[in-house]
There are 2 protein chains.
Amino acid sequence: MKKTHYELIILGSGPAGLAAGLYAARARIDHLLIEKGATGGQILLTDWVDNYPGFPDGLSGFELAEKMEAHARRFGLNTLTANVVSMDLLQPPKRLTLEDGEQLTCNALIICSGARPQLLNIPGEAEFAGKGVSYCATCDGPFYRNMHVAVVGGGNTAVQEASHLTKFASRVTLIHRRDALRATKIIQEKAFANDKIDFIWDSQVTAIEGEKGVERILLRDRGGKETTLAVDGIFILIGVIPNNEMLPLQALKAEHGGFIPTDNETRTAIPGVFAAGDIRSKEVRQIVNAAGEGATAELAAEHYLNNLTL
Amino acid sequence: MKKTHYELIILGSGPAGLAAGLYAARARIDHLLIEKGATGGQILLTDWVDNYPGFPDGLSGFELAEKMEAHARRFGLNTLTANVVSMDLLQPPKRLTLEDGEQLTCNALIICSGARPQLLNIPGEAEFAGKGVSYCATCDGPFYRNMHVAVVGGGNTAVQEASHLTKFASRVTLIHRRDALRATKIIQEKAFANDKIDFIWDSQVTAIEGEKGVERILLRDRGGKETTLAVDGIFILIGVIPNNEMLPLQALKAEHGGFIPTDNETRTAIPGVFAAGDIRSKEVRQIVNAAGEGATAELAAEHYLNNLTL
């Protein structure tokens, strides 16, 4: 008979899910990690990872994902490729429904479904992702020493990161589709006072172009006038979208546009349900803190399972 | 003139401090990492690290510490070897006093001073640390497949980990100095029901012996009777002590025997002061979550500094 019940199910195979999977496999917990597509999550979209501690020379996102997966597999990580479409978490056992109608149950669940950057959805964006198009200034800023970069957005993140990027880039052009920023006053003032930053108002980026990497972007202002701006890179900082379509958001008390709040030990509002990585309601989204939260979540889940039954 | 003020000071050079240092150096924050002794913290006491995600074959604690340090140095980590004896954090700038009387100031502080296991302080304990003597069942349990291990302690951690270790070890002997456990009822009952666990009551371990690794331990009961028990390893799980001697514990609202509570973004009760790694008040103490918290703390400190001054 096909196995359909597990002590622990882990949803997602980014750094948080793989860390949780490593800990679960190594602790010999009866577990299943469900992944939607390729293993690695958003790391796979990252050309080069320079800030995961322990790799002094950096490594490609693909390579880091491979290493994390191989690590968990060495201890017997058990995975299934499937798309979870809904779940019933309020009564035991917790029940997950897959796209093909199959149901799986578990006593504890770790949600590591991640998030994705809000895209501009313009020509060239996907083509140059990781090759001049970036969604994380903390991650990729240092690659643009003495270059000219564009930043798209007008919120706290975009404006703050524009200031941050001037530590590396020789020039930062902030492009905003309105005529005023949304960022808080002090962050705005700091950017206005920085002579390495210039602003293009009331304009949208309509295409990203280049040969091997980003060389220029096309802009259109409110009047429909089109211009070209030569840049070495473009940071698109217009928001992060949680991958939460399959989650019972109300029961999990989702906040800030659908992220899952937890305590310090990754416990959500539902007993036996934990959340780690970018799906968590938090301010800092980095590979290493996702991995750390995955480990924490797995150990918190073990404690929960230990106290559940004799 | 000697520089005595920094935007950010990081206290401690374990995984949390090195991750914070990597992020600070890479973000070109004016920073100083103060370390008391050798770089690496408790990793240096760890013979083999098998659960830091991304190293499928594992690596020595020494090697991981070296890699983490080299990583941060590549981006210009700035360090000082010194012993901080006291600090004044309540008024700006925050002031740290070193053992030689020198004072350093900063606008933001990340405390990564770590913790240390409570030792038995008996012959053989230091000699065989990482060679059969362990203070972390999650980390080292899988190394004892089909072996006989002793666990020392009677609290929740010791008794729960005794049960956990039976997934690997063929036999677990729990040694407690009293005639009853302190662990909560359900954890006790689980251990009592496990026929791979036996108990030695009213006894203390007085020495650890062996050739290249642990081979036997010496026990003395309350009546003074001495016996020898052959084991392949011994887990000493009698508590964790925070390295907090230099911290203003009351202002930081220290709890649970001197650990520092923080919010999810590592902010302590004092604005501009952050805590990451084992010194934090938390349940799960692992290398990867310490590193993750270090990265979070550094980015939270950057946000704090950004909003502090124009």
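No experiment lies behind these values; they were computed from the predicted model shown.

J.: Quick question: what am I supposed to make of the pairing of strand β16 (residues 226-230) of chain B here?
T.: Consecutive side chains along a regular strand alternate between the two faces of the sheet. Residues and elements named next belong to chain B. Looking at chain direction, strand β15 (residues 216-221) and β16 are connected through five bridges and run antiparallel. For Leu 218, the partnering residue across the bridge sits in β16 and is Thr 228. Connecting β15 to the antiparallel partner β16 that follows it, the hairpin turn spans four residues, and Gly 224 within it adopts a positive phi of roughly 90°.

J.: Teacher, can you tell me more about the domain arrangement of chain A here?
T.: All names here are of chain A. You can read the domains of chain A as domain 1 (5-116 + 240-308) and domain 2 (119-236). Computed over C-alpha atoms, the centres of domain 1 and domain 2 are 32 Å apart. Listed as interface residues are six residues of domain 1 and, on the opposing side, six residues of domain 2. Between domain 1 and domain 2, roughly 460 Å² of surface is buried when both sides are summed, and carbon and sulfur atoms account for 53% of that area. Between domain 1 and domain 2 we count zero salt bridges in total. At the junction of domain 1 and domain 2, the tally comes to zero residue pairs in polar contact (both at pLDDT 80 or more). Class assignment for the residues of the side of domain 1 that touches domain 2 results in two nonpolar, two polar and two charged.

J.: Looking at this model, I keep getting lost on the packing of helix α1 (residues 15-26) of chain A against helix α6 (residues 287-308) of chain A. Mind explaining?
T.: When two helices pack together, their arrangement is given by the angle between their axes and by how far apart the axes lie. Residues and elements named next belong to chain A. Running from N to C, α1 and α6 cross one another at 40°; their axes reach a closest spacing of 7 Å. In this view, α1 runs oblique relative to α6, as classed from their interaxial angle. Pair α1 / α6 crosses with right-handed handedness. From α1, Pro 15, Ala 16, Ala 19, Ala 20, Tyr 23 and Ala 24 reach across to α6, where they touch Ile 287, Ala 290, Ala 291, Gly 294, Ala 295, Glu 298, Leu 299 and Glu 302. Class assignment for the residues of the contact of α1 with α6 results in 11 nonpolar, one polar and two charged.

J.: Honestly, the sheet that holds β15 of chain B in this entry has me stumped. Any pointers?
T.: Pairing between the strands of a sheet comes from backbone hydrogen bonds, and it takes one of two forms, parallel or antiparallel. All names here are of chain B. The three strands are arranged β14-β15-β16 in an open sheet whose pairing can be described as antiparallel. Each edge of the sheet is formed by a strand with only one pairing partner; in this case those strands are β14 (203-209) and β16. On average, each strand axis in the sheet is inclined to that of its neighbour by 30°, with strand direction left out of account. The pairing of β14 with β15 spans six bridges and is classified as antiparallel. Each residue of the ladder has a partner; that of Glu 209, found in β15, is Arg 216.

J.: How should the relation of the copies chain A and chain B be read in this particular structure?
T.: Expressed as a screw transformation, the operator carrying chain A onto chain B has a rotation angle of 180° and an axial translation of 0.0 Å, and the superposed copies differ by an RMSD of 0.0 Å. Such a combination of rotation and displacement between the chain copies is what one expects of a two-fold axis. When the interface residues of chain A are mapped onto chain B, 100% of them again fall at the interface, so both copies present the same face.

J.: What exactly am I supposed to notice about the interface of chain A and chain B here?
T.: Interface size is often expressed as the accessible area that is lost when the parts come together. Listed by partner, the interface residues are 59 residues for chain A and 59 residues for chain B. Buried surface at the junction of chain A and chain B, both sides included, amounts to about 5400 Å², of which 50% is carbon and sulfur. Our count for the contact surface shared by chain A and chain B stands at four salt bridges. We note a salt bridge from Glu 283 of chain A to Arg 267 of chain B, for which the minimum N-O separation is 3.0 Å.

J.: Whenever I open this one, the packing of α1 of chain A against helix α2 (residues 61-74) of chain A confuses me. Can you help?
T.: Residue and element names in this part refer to chain A. Closest axis-to-axis distance for the α1/α2 pair is 8 Å, and the angle between their directions is 20°. With respect to each other, α1 and α2 are oriented roughly parallel. Classified by chirality, the crossing of α2 by α1 is left-handed. Residues Pro 15, Leu 18, Gly 21, Leu 22 and Ala 25 of α1 touch α2, and the partners they reach there are Ala 65, Met 68, Glu 69, His 71 and Ala 72. The residue inventory of the contact of α1 with α2, partitioned by class, reads seven nonpolar, two polar and one charged.

J.: Sorry if this is basic, but what is going on with the pairing of strand β11 (residues 148-152) of chain A here?
T.: Residues and elements named next belong to chain A. In terms of burial, β11 is a largely internal element, five of the five residues being buried. Burial along β11 is two-sided: His 148, Ala 150 and Val 152 and Val 149 and Val 151, pointing in opposite directions, are all buried. Where β11 lies against strand β12 (residues 171-175), five bridges are found, and the strand directions are parallel. For His 148, the partnering residue across the bridge sits in β12 and is Arg 171. Once the chain exits β11 it traverses helix α4 (residues 156-165) before rejoining the sheet at β12, and the crossover so formed is right-handed. Relative to strand β17 (residues 233-236), β11 is paired through four bridges, and the arrangement is parallel. Each residue of the ladder has a partner; that of Ala 150, found in β17, is Ile 234.

J.: Explain the state of the cysteines here, please?
T.: Structurally, a disulfide amounts to a covalent bond that connects the sulfur atoms of two cysteines. Residues and elements named next belong to chain A. The final tally for this structure, using the stated rule, is two disulfides over all chains. Covalently, Cys 136 is tied to Cys 139 through a disulfide, its sulfur atoms 2.2 Å apart. Handedness of the Cys 136-Cys 139 disulfide follows from its S-S torsion of about 70°: it is right-handed. Accessibility assignment for this pair places Cys 136 and Cys 139 in one class, buried. Not engaged in a disulfide, the cysteine Cys 112 finds its nearest cysteine sulfur in Cys 106; these two sulfurs lie 12 Å apart. According to the relative accessible area criterion, Cys 112 is buried, its value standing at 6%.

The rules behind these values
- Chains are numbered independently. Their residues run from 1 in the order of the written sequence.
- The naming scheme follows written order: chains are lettered A onward, ligands numbered 1 onward.
- Confidence filtering applies because this is a predicted model: local features only for residues at pLDDT of at least 70, side-chain atom pairs given and counted only at 80 or more, and all residues used for totals across whole chains, interfaces and linings.
- To get the side-chain values, all heavy atoms of the structure are used, and hydrogens and water are removed first.
- Pairing between strands is defined by DSSP: at least two bridges between the two strands are required.
- Strands here are runs of E lasting at least two residues and helices are runs of H or I lasting at least four, both read from the DSSP assignment and numbered beginning at the N terminus.
- Where a domain begins and ends is set by an automatic assignment or by a domain database.
- Contacts are assigned to residue pairs that have any heavy atoms within 4.5 Å of one another.
- In short, buried area is how much 1.4 Å probe accessible area vanishes from two parts on joining, totalled over both.
- Here, a salt bridge means any Lys or Arg side-chain nitrogen found within 4 Å of an Asp or Glu carboxyl oxygen.
- Here a polar contact is taken to be a pair of N or O atoms separated by no more than 3.5 Å, where protein atoms must pair a possible hydrogen donor with a possible acceptor and residues adjacent in sequence count only if both atoms sit in side chains.
- In the scheme used here, Gly and all other residues not listed as nonpolar or charged are polar, with Ala, Val, Leu, Ile, Met, Phe, Trp, Tyr, Cys and Pro taken as nonpolar and Asp, Glu, Lys and Arg as charged.
- Note on geometry: axes are lines fitted to C-alpha atoms, helical ones only across the stretch in contact, with angles between N-to-C directions running from 0 to 180 degrees.
- Small angles under 35 degrees read as roughly parallel and large ones over 145 as roughly antiparallel, with 65 to 115 read as roughly perpendicular and the rest as oblique.
- If you view the pair so one helix is near and one far, a crossing is left-handed when the near helix is turned anticlockwise from the far one by less than a right angle, and right-handed when it is turned clockwise.
- A residue counts toward the fit only if its pLDDT is at least 70 in both copies, and the copies are then superposed by least squares on the C-alpha atoms of those residues.
- Exposure categories follow from relative accessible area, calculated using a 1.4 Å probe and restricted to protein chains: below 20% of the type maximum is buried, above 50% is exposed, and the middle band is partly exposed.
- When the strands point away from the viewer, a crossover counts as right-handed if the route from the first strand across the helix to the second turns clockwise.
- The disulfide definition used here is simple: a pair of cysteine sulfur atoms within 2.5 Å.

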